[in-house]
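Spelled out, the chains give:
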Amino acid sequence: MLRPLDRPLRRAAICVAVLSGLLAALLAATRAPSPWNDRTDNAAAPQAQAAPGPVMFPLFARKSGRLYDYEPKGAGGVKPMVDMGGGWAEADALVQANISEGGKGNDVYHRLGTTLFYTAEHGNDTKVVGGGWQIYDRLVSVGNMGGSAEPDLVARQTDGTLWLYQGKADGTLQARVRIGSGGWNGMTALAGRGDYTGDGKTDLVARSTDGTLYIYPGTGNLVADGVLGSRITVGGGWNIHKLIVSTGDNDGDGKTDLIAADTAGPLWLFKGTGNPSAPFAPRVQIGTGGWAAFDHLF
């Protein structure tokens, strides 16, 4: 299992890299590829491989335009925050993904206006991934769902369709594959980054407008509209949480967990069980208050 080192100063360089490379990236964006480069809806792709073992990631959080890093304690919960700096208010989508350094880097995708950018944790450039990304109203890192060596992105289009972008080693993305034909605009939260059902395949977690939480099991088949299996109902009442995110295996027990920020302020850890009929243990409080002030966890 990968356990990232305590390296907040190095991680803070992400912010510096984004700001220093932004002007060049914006100029290059005029010739950036479009996110519409996709396979036809019924085209089949090679069968995906099983998901890698659970990984422990830091928790990134944004408040008042500043970004904060919360490193995992290792047995559940997070360490005190490290301020990564300001200048993040204009990013209307932020996604963490472990691509660089052979999967050990905590990298960042962020969107400004119509353009998606990628910055490696220890890189010195901000790279343009593509233009036209305003068609999506939600982006989330799901880990390895498509079978490539790098983690993937899931993007929800404003018309309610859901798309998977397989990652590449340089931070760019492969052509999108549709994984949901419609109705996904009825979900108020999406999360992932691991296996919740115990079958070795990466799953997607979604919360509906009525507060019901679902797990959509990954099938392991990279086929349009066939990447996700029949959903599993976790339970209701999840609308008490303002934000829901996965940082992989937060407590180090080999199973993927969920973290949720309560609208009242506390932060909670839902430890994964690997059992699809009861995928989470009772929640454990890992933050005493103030978490409702964040507008984004990733």
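Everything below is about the structure shown above.
Residues numbered from 1 in each chain as written. Predicted model: local features only at pLDDT ≥ 70, side-chain atom pairs only at ≥ 80, totals over all residues. Heavy atoms only, no water.

### A few points about the overall build of the chain
Selection rule: Secondary structure is summarised from DSSP: a helix means a run of H or I of at least four residues, a strand means a run of E of at least two, and numbering begins at the N terminus for each. Note on contacts: a residue pair qualifies if any of its non-hydrogen atoms lie within 4.5 Å across the two residues. Calculation of accessible area relied on Shrake-Rupley with a 1.4 Å probe; when residues are assessed, cover is drawn exclusively from the protein chains displayed.
Looking only at helices and strands, the chain has 2 helices and 22 strands in total. A sequence separation of at least 24 residues applies to 48% of the contacts in the chain between residues at least 6 apart. With the model as given, the accessible surface of the chain reaches about 11600 Å², and the carbon-plus-sulfur share is 52%.

### Here's the deal with the sheet that holds strand S15 (residues 213–216)
So the rule is basically this: Two strands make a pair as long as DSSP finds a minimum of two bridges between them. Axis definition: a line fitted to C-alpha atoms, over the contacting stretch in the case of helices. Angles run 0 to 180 degrees between N-to-C directions.
Taken in spatial order, the 4 strands make up an open sheet running S13-S14-S15-S17, and their pairing is antiparallel. Unpaired on one side and paired on the other, strand S13 (187–191) and strand S17 (232–235) mark the two borders of the sheet. Put simply, the sheet's adjacent strands are angled 25° from each other on average, direction ignored. Where S13 meets strand S14 (residues 204–208), 4 bridges bridge the pair, whose relative direction is antiparallel.

### Some points on the pattern of salt bridges
What counts is decided by this rule: Criterion for a salt bridge: a side-chain nitrogen of Lys or Arg within 4 Å of a carboxyl oxygen of Asp or Glu. Per-residue accessibility, obtained with a 1.4 Å probe over protein chains only, is compared with the maximum for each type, and a residue is labelled buried under 20%, exposed over 50%, and partly exposed between these values.
Tallied over the full model, the rule gives 6 salt bridges. A salt bridge links Asp295 to Arg62; the nearest nitrogen and oxygen atoms lie 3.0 Å apart. Note that Asp295 is positioned in the loop between strand S21 (284–287) and strand S22 (296–297) and Arg62 in strand S2 (residues 59–63), a separation of 233 residues in sequence. Classification of Arg62 by relative accessible area gives buried; the value is 11%. Residues Asp92 and Arg111 are paired through a salt bridge, measuring 2.8 Å at the closest nitrogen-oxygen approach. A residue pair is termed long-range when its members are at least 10 positions apart, and Asp92 in the loop between strand S4 (82–85) and strand S5 (93–97) and Arg111 in strand S6 (residues 107–112) qualify at 19 residues. Taking relative accessible area as the criterion, Arg111 reaches 6% and is therefore assigned buried.

### Some thoughts on the environment of Leu213
Within the fold, Leu213 resides in strand S15. Setting aside residues up to four positions removed in sequence, Leu213 forms contacts with Val205, Ala206, Arg207, Ile232, Thr233, Val234, Gly235, Trp238, Ile244, Leu258 and Phe280.

### Quick look at the sheet that holds strand S3 (residues 66–70)
Strands sit in the order S4-S3-S2-S22 across an open sheet of 4 strands; the sheet is antiparallel. Since the sheet does not close on itself, it has two edges, and those belong to S4 and S22, each with one partner. Bridge analysis of S2 against S22 gives 2 bridges, and the strand direction is antiparallel. Within S22, the residue paired with Ala61 across the bridge is Leu297.

### Observations regarding unusual backbone geometry
Its identity as a non-glycine residue notwithstanding, Glu101 has a phi of 55°, on the positive side. Of note, Glu101 is situated in helix H2 (residues 100–103). On the basis of relative accessibility, which here comes to 37%, the residue Glu101 falls in the partly exposed class. A positive phi angle is found at Arg193, which is not glycine, with a value near 70°. Its place among the elements puts Arg193 in the loop between S13 and S14. Residue class for Arg193 comes out buried when judged on its relative accessible area of 8%.

### Structural notes on the pairing of strand S7 (residues 115–119)
When you tally the buried positions in S7, you get 5 out of 5 residues, the bulk of the element. The alternating pattern of S7 places Thr115, Phe117 and Thr119 and Leu116 and Tyr118 on opposite faces, both of which are buried. By the bridge criterion, 3 bridges tie S7 to strand S8 (residues 127–130) in an arrangement that is antiparallel. Counterpart to Phe117 in the pairing with S8 is Val128.

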